[in-house]
Amino acid sequence: MRVYLTIIYFLIHYYMNLNTFAAAFAIAMGVIIPAFSIGRIGAKAVESIARQPEAASKIQLNMILAAAFAEGLGIFTFVIAILILNK
Amino acid sequence: MGIQDLEIHLAPKTVFTLPVGSWNLPVTNTMITMWLVMAILIGLALVARFTMKYLPKGFYNLVEWALGGMRNFMKEVGGEAAQQHFPIFITFFLTILFSNWLGIAMGLIAEQLGFLRAPTSDLNTTAALAIVAFLYFEYQGMKAHGVFGHLGHFFNVKAIIDKGPLGVIDFFVGLLHIISELVRPVALALRLFGNIFGGEIVLTVAFLIVAPAFPLPFMMLEFVIGLIQAFVFSVLFLTFTALNTAHEEEEGEVVAPTKKESGPVIHPAVG
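Residues numbered from 1 in each chain as written. Chains lettered and ligands numbered in written order. Predicted model: local features only at pLDDT ≥ 70, side-chain atom pairs only at ≥ 80, totals over all residues. Heavy atoms only, no water.

Caption draft 1: Broad picture of the overall build of chain A. Along chain A, the regular secondary structure elements total 3 helices and 0 strands. Along chain A, helices (α) and strands (β) appear in the sequence α-α-α when read from the amino end. Scaling as 2.2 N^0.38, a compact globule of 87 residues should have a C-alpha radius of gyration of about 12 Å, whereas chain A reaches 20 Å, well beyond that. Summarising its shape, the C-alpha atoms of chain A cover approximately 60 × 30 × 15 Å along the three principal directions. (Helix = DSSP H or I, 4+ residues; strand = E, 2+ residues; numbered from the N terminus. Rg over C-alpha atoms; globule rule 2.2 N^0.38 Å.)

Caption draft 2: Layout of the side chain of His85(B). With respect to the helices and strands, His85(B) occurs in the loop between α2 (58-78) and α3 (86-113). Within polar-contact distance, the side chain of His85(B) engages the side chain of Tyr136(B) at 3.0 Å. (Polar contact = N/O pair within 3.5 Å; in protein donor to acceptor, adjacent residues only side chain to side chain.)

Caption draft 3: Examining the nonpolar core more closely. Counting residues in hydrophobic clusters, the biggest one holds 34 residues, and the most contacted among them are Leu188(B), Phe231(B) and Phe233(B). Listing elements by their share of this core, those giving two or more residues are α3 (56-85) of chain A together with α2, α3, α4 (123-145), α7 (167-209) and α8 (215-245) of chain B. Element by element, the count of residues in this core is highest for α8(B), at 9 residues. Beyond its immediate sequence surroundings of up to four residues, Leu188(B) is in contact with Ala130(B), Ala133(B), Phe233(B), Leu236(B) and Phe240(B). Within the second largest apolar cluster, 8 residues are counted, among which are Phe78(A), Ile82(A), Phe193(B) and Phe197(B). (Core = buried A, V, L, I, M, F, W, Y, C linked by side-chain atoms within 4.5 Å. Buried < 20%, exposed > 50% of the residue type's maximum accessible area, 1.4 Å probe, protein only. Contact = heavy atoms within 4.5 Å.)

Caption draft 4: Seen up close, the environment of Phe231(B). Positionally, Phe231(B) belongs in helix α8. With relative accessibility at 18%, the residue Phe231(B) sits in the buried group. With 135 residues separating them along the chain, Phe231(B) and Ile96(B) place their C-alpha atoms 8.8 Å apart. Those residues in contact with Phe231(B) that lie beyond four places of it in its chain are Leu61(A), Ile64(A), Phe73(B) and Phe93(B).

Caption draft 5: Examining the interface of chain A and chain B more closely. Listed per partner, the contact involves 18 residues of chain A and 25 residues of chain B. Where chain A abuts chain B, roughly 1,700 Å² becomes buried across the two surfaces, and 76% of that area is made up of carbon and sulfur atoms. Of all residues in chain A, Leu61(A), Leu65(A) and Phe76(A) bury the most surface against chain B, accounting for 23% of the area lost on that side. Our enumeration of links across chain A and chain B arrives at 0 salt bridges. Inspection of the chain A/chain B interface yields 3 residue pairs in polar contact (both at pLDDT 80 or more). (Buried area = accessible area lost by both parts, 1.4 Å probe. Salt bridge = Lys/Arg side-chain N within 4 Å of Asp/Glu carboxyl O.)

Everything listed is a geometric property; what it means functionally is a separate question.
Written out as C-alpha cells, the structure is:
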C-alpha cells in the first residue's frame, strides 16, 4: 500500500503539476454533480408534463430556472479551476 | 497555431488607451464589441421607430410581434404587477442576447486577432449588469415597503418586539436573508460569465483540433446556450424584483385561486 502511494506521489510530483491536478479535480466534480441534478430536474419535469400537459409552459419555465441554479454552482467550480490555472 | 500554443486569458486584451484628462482609459476588445452591440440595438430601435405605422408591416411588424410575445410571457411569470418592469427586463434580455450571439459569430476571428470578444465573456461586463440588476430590485423593494420596511426583512427587530423571545428565531432568519440577498448578484454575474467564457474556450479548442466540421455542433450548442442564458438572467432578475416587491398578505390571495383551478384537473386515479 505504502509503495503504491509513494509511486503515485512521485508520478504526480514529476509528471504533473499539482495545480493542474487541483483544477482538473475541481472541474470534474463541478461537471459530475450538476449533471446528475440537471438530469433529475429534466426527468421530473418531463414526468409532470406527461401527467399534466396543460401546465407544460409553467413547468418548462421552472425547469429552466432550476437547471440554471444547479448549473450555476457548477460554473463556480469552472471559474475556480480557471483561476487556479491562471495563477 | 496548434493546440500547444493555446493560452487562455481571463482578462480581455487592451486594444488602445483613451486619454481622459490626466487618466488613461484602457479600451478593451470586449468594450469595442459592446459598442457594436449598442450600435446595432440603437439602430434597430431607430429603424423600428421611424417605420412605425398604424397598420404594422414588414420589419416593424416583426418587432411588434416579438415585444408583444415577451410582454405576454412576462405576464405569465410575474403577474400583472410586473408589467412596469418591462423596459429594463427587455433591455437586459436583448443586450445579453446580442452580446452572446455576436461573440459567437465574431469569436472565430476573435481568438486569433484578439480584436473582438463577447462582452459577456468578460467578468467586468457581467458584474456591471448584475450590479445594475441588484440596485434595481433593491430600489423596487424599498419603493414597495418603504426603506425601513425593506431593511426590516433583514434586521427583523419588529419580530423581537412583537413576539418576545420567540422573535429571536425570526431575527436570525432575517440575518440569513442578508446572505441570500447578497449572493444573488454574485451568482448572476458568475453564471453568465462562466457559461459564455466556457463556451468560447470550447469553441477555440474545437477550432484548433479540426477546423471546419468539428466545431459546428458546438456552435449550435453555444447559440442555444446564449439564448438560454439571456433568458435565465432576465427571468431571474424579474423573479427577484417580484419577490422583493411582493406583499405577504397579497401572496396568499394570488396563490389560492390557481390552486382551485388546477384542483379538478388532476385525476384522482393519477394524482
